[in-house]
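Examining the three-dimensional arrangement
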Amino acid sequence: ADGDLLFNVNSDIRFNPRAAEQPEWQSEDHHEEFLPTGETSIDSYPNWLKFHIGINRYELYSRHNPAIEALLQDLVSQKITSVAMKSGGTQLKLIMTFQNYGQALFKPMKQTREQETPPDFFYFSDYERHNAEIAAFHLDRQVEWICIRRKGEILILDFRRVPPVAGRLVNMTREIRDVTRDKKLWRTFFISPANNICFYGECSYYCSTEHALCGKPDQIEGSLAAFLPDLSLAKRKTWRNPWRRSYHKRKKAEWEVDPDYCEEVKQTPPYDSGTRILDIMDMTVFDFLMGNMDRHHYETFEKFGNETFIIHLDNGRGFGKYSHDELSILVPLNQCCRIRKSTYLRLQLLAKEEYKLSLLMKESLLKDKIAPILYQPHLEAMDRRLRIVLKAVSDCIEKDGYDNVVENDFNTAVDTVTTER
């Protein structure tokens, strides 16, 4: 239904380059294809625009959308035409614009794969890791992307809530310094004593000469996350996560001291109806597997109201510690004792030896240009955390009963997950 699509391409003049006369909407080679009706063929759109018009009430991209793999390729190969610092946030991030007018958020490499978050760091001062952004994208597809081989076919079940992310090796001189018009960024470039090109930009944390990002000699790794549609085209609503941490060195949040906190949440819109509480549980499992403690807010597309999915944005503080499992991330699941049946079955499948989460993740991440993405102990930590999640659900079922814990989101008539996820 049109109401389930973020954009109605046929009726929206913004999606007709000839009518709008905006170069941003043209395809890569600036050659438009028109149908006999005079409309522009969607096939001629750049992949970033195909991604945008595929967004709907239930997912960021459909199960078999070929534009996603093509977009991932664009992220690592498109010519970078301009670079600017992203305002807001605590750490340096760059907005990169490509030759085909697509845009992506660049997070530069700050830690090696083997480094763990220092034990004395608070979660709110932890580094944002480029490889965590890449791994989160694959986990979002992989946790909900379980392959059941039947007669040579692969049936895929997934949520698809993280925008496409790919790793790229960037030339700091040619692809950042020489193309930026951001004077504040440009002024922070320097040559280190080791003759490497470095820069540090402007931000709240880690933007100083001592924390400069240095190339080898001018090559730097980073993650590129495809932009969602501009807010002027598709407004998003920002929600405070009910299980947000205090972001204070000494204070605790209410959920940390009140074991019945979920009961209060479930009486508050939008958690008192629909599927939002189940979306929070999905996000909880997702974050626990990554070790991400930094989920203070989340976003949804305003057009779809409360009956839509949560976008899993900003995952850079995941995969910081492989030697520690942060059990407090699982508190929403432990307090609410609710989970989708599709998610539960998927997690049970991932715990089986033949569909082991760590092996599926490793295989998926090998597709990225800057693989290996995760240090092996991080992959093994995910298997360990998965067992903890399943034990938590099992304890809930023992306490409250299967039907009160596991929400059947399957359409029994066709044996598939319903769209009301």
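Residues numbered from 1 in each chain as written. Predicted model: local features only at pLDDT ≥ 70, side-chain atom pairs only at ≥ 80, totals over all residues. Heavy atoms only, no water.

Each helix and strand counted, the protein chain has 14 helices and 16 strands in total. A burial count over the protein chain gives 54% of its 421 residues as buried. Long-range pairs, those at least 24 residues apart, make up 70% of the contacts in the protein chain with a sequence separation of at least 6. Put simply, the protein chain shows about 20,000 Å² of open surface, and 49% of that area lies on carbon and sulfur atoms. (Helix = DSSP H or I, 4+ residues; strand = E, 2+ residues; numbered from the N terminus. Buried < 20%, exposed > 50% of the residue type's maximum accessible area, 1.4 Å probe, protein only. Contact = heavy atoms within 4.5 Å. Areas by Shrake-Rupley, 256 points an atom, 1.4 Å probe, with all protein chains shown as cover.)

Turning next to the nonpolar core. Nonpolar side chains in soluble globular proteins tend to end up buried together. Residues Leu94, Ile176, Trp243 and Phe301 are the most contacted members of the largest nonpolar core, which totals 105 residues. With ten residues, the single largest contributor to this core is helix H9 (residues 276-290). Residues from two domains meet in this core; each of domain 1 (43-226) and domain 2 (236-407) gives at least three. With residues up to four places along the chain from it excluded, the contact list for Ile176 reads Val83, Leu94, Met96, Val170, Asn171, Leu185, Phe189 and Phe199. (Core = buried A, V, L, I, M, F, W, Y, C linked by side-chain atoms within 4.5 Å. Domains from an automatic or database assignment.)

With that settled, the discussion passes to helix H11 (residues 341-350). Of all ten residues in H11, seven are buried, a share of seventy percent or more. For H11, every residue scored as buried is listed here: Ser342, Thr343, Tyr344, Arg346, Leu347, Leu349 and Leu350.

Right, let's get into the UniProt feature "active site" (unreviewed entry) in the protein chain. Those residues carrying the UniProt feature "active site" (unreviewed entry) are Asp294 in this numbering. Locating Asp294 in the fold gives a position in the loop between H9 and strand E12 (297-301). In contact with Asp294, other than residues within four places in its own chain, are Tyr247 and Arg317. (UniProt positions renumbered as here; feature names shortened; annotations may be inferred.)

Within the secondary structure, Asn315 is located in the loop between E12 and helix H10 (331-336). Among the polar contacts made by the side chain of Asn315, one reaches the main-chain carbonyl oxygen of His312 at a distance of 3.2 Å. In this view, Asn315 contacts Ala132, Glu133, Ala136, Val162, Phe286, Met290, Asn292 and Arg295; residues no more than four positions away in its chain are not counted. (Polar contact = N/O pair within 3.5 Å; in protein donor to acceptor, adjacent residues only side chain to side chain.)

The strands that make up a sheet pair up through hydrogen bonds in the backbone, lying either parallel or antiparallel. Here we have five strands laid out as an open sheet, ordered E1-E2-E3-E10-E6, and antiparallel in their pairing. The open sheet has two free edges, formed respectively by strand E1 (80-85) and strand E6 (165-171), since each of these has just one partner strand. Within the sheet, the average angular offset between the axes of one strand and its neighbour, ignoring direction, is 35°. Both E1 and strand E2 (residues 94-98) contribute to a ladder of five bridges, which runs antiparallel. (Pairing = 2+ DSSP bridges. Axes fitted to C-alpha atoms, helices over the stretch in contact; angles between N-to-C directions.)

Next up on the list: the pattern of salt bridges. The full count for this structure, using the stated rule, is 25 salt bridges. The partner of Arg177 in a salt bridge is Asp178, and the shortest N-O contact between them spans 3.2 Å. For Arg177, a relative accessible area of 29% gives the class partly exposed. The exposure class of Asp178 is partly exposed, given its relative accessible area of 48%. Put simply, Lys391 and Asp395 hold a salt bridge, and the shortest N to O gap is 2.9 Å. With Lys391 and Asp395 both in helix H13 (residues 376-400), this residue pair falls four residues apart, about one helical turn. Judged by relative accessible area, which is 37%, Asp395 ranks as partly exposed. (Salt bridge = Lys/Arg side-chain N within 4 Å of Asp/Glu carboxyl O.)

Another point: the side chain of Arg276. Structurally, Arg276 can be placed in helix H9. Buried within the structure, Arg276 lacks any salt-bridge partner; Asp279 is the closest side chain of opposite charge, at an N-O distance of 4.2 Å. Of the polar contacts made by the side chain of Arg276, one reaches the side chain of Tyr298; its length is 3.1 Å. Non-local contacts of Arg276, meaning those with residues more than four positions away in its chain, are made with Trp239, Pro270, Tyr271, Tyr298, Thr300, Gly305, Asn306, Thr308 and Ile310. (Lys, Arg positive; Asp, Glu negative; His and termini not counted.)

A separate point is the confidence of the model for the protein chain. Looking at the protein chain as a whole, its pLDDT mean stands at 88, while 87% of the residues score no less than 70. Scored below 50 in pLDDT, residues 143-157 shows 34 contacts in the model against residues more than four places distant or in partner chains. A low-confidence stretch, residues 412-416 stays under pLDDT 50, and its non-local contacts, those more than four residues away or across chains, total three contacts. (pLDDT = per-residue confidence, 0-100.)

Below, the discussion takes up the environment of Arg187. Position of Arg187 among the secondary structure elements: in the loop between helix H6 (183-186) and strand E7 (190-191). On a C-alpha basis, the gap between Arg187 and Gly201 in space is 8.1 Å, while along the polypeptide they are 14 residues apart.

What follows is about the sheet that holds E7. Taken in spatial order, the three strands line up as E7-E8-E9 in an open sheet, and their pairing is antiparallel. Each having just a single partner strand, E7 and strand E9 (213-214) make up the two edges of the open sheet.

This brings us to the packing of aromatic side chains. Applying the stated rule across the entire model yields eleven aromatic pairs. Note on Tyr127 and Tyr206: the rings are 4.6 Å apart at their centroids and 35° apart in plane angle, and the pair reads as tilted. Placement of Tyr127 in the loop between strand E3 (103-108) and helix H4 (130-143) and of Tyr206 in the loop between strand E8 (197-199) and E9 is noted, with a sequence separation of 79 residues between them. Comparing Tyr127 with Tyr206 shows no difference in burial state: the two are buried. Ring geometry for Phe190 against Tyr200: centres 6.3 Å apart, planes inclined by 50°, an arrangement best described as tilted. Taken together, the positions of Phe190 in strand E7 and Tyr200 in the loop between E8 and E9 put the pair ten residues apart, joining distant regions of the chain. Phe190 gets classed as partly exposed once you look at its relative accessible area, which sits at 26%. These aromatic residues form a ring-pair network of at least three members: Phe121, Tyr127, Tyr205 and Tyr206. Sitting over the ring of Trp239, Lys237 keeps its end group 4.7 Å from the ring centre. For the cation-ring pair, Arg276 lies above Trp239, with the distance from its terminal atom to the ring centre recorded as 4.6 Å. (Phe/Tyr/Trp six-rings, centres within 6.5 Å; stacked < 30°, edge-to-face > 60°. Lys NZ or Arg CZ within 6 Å of the ring centre and 35° of its normal.)

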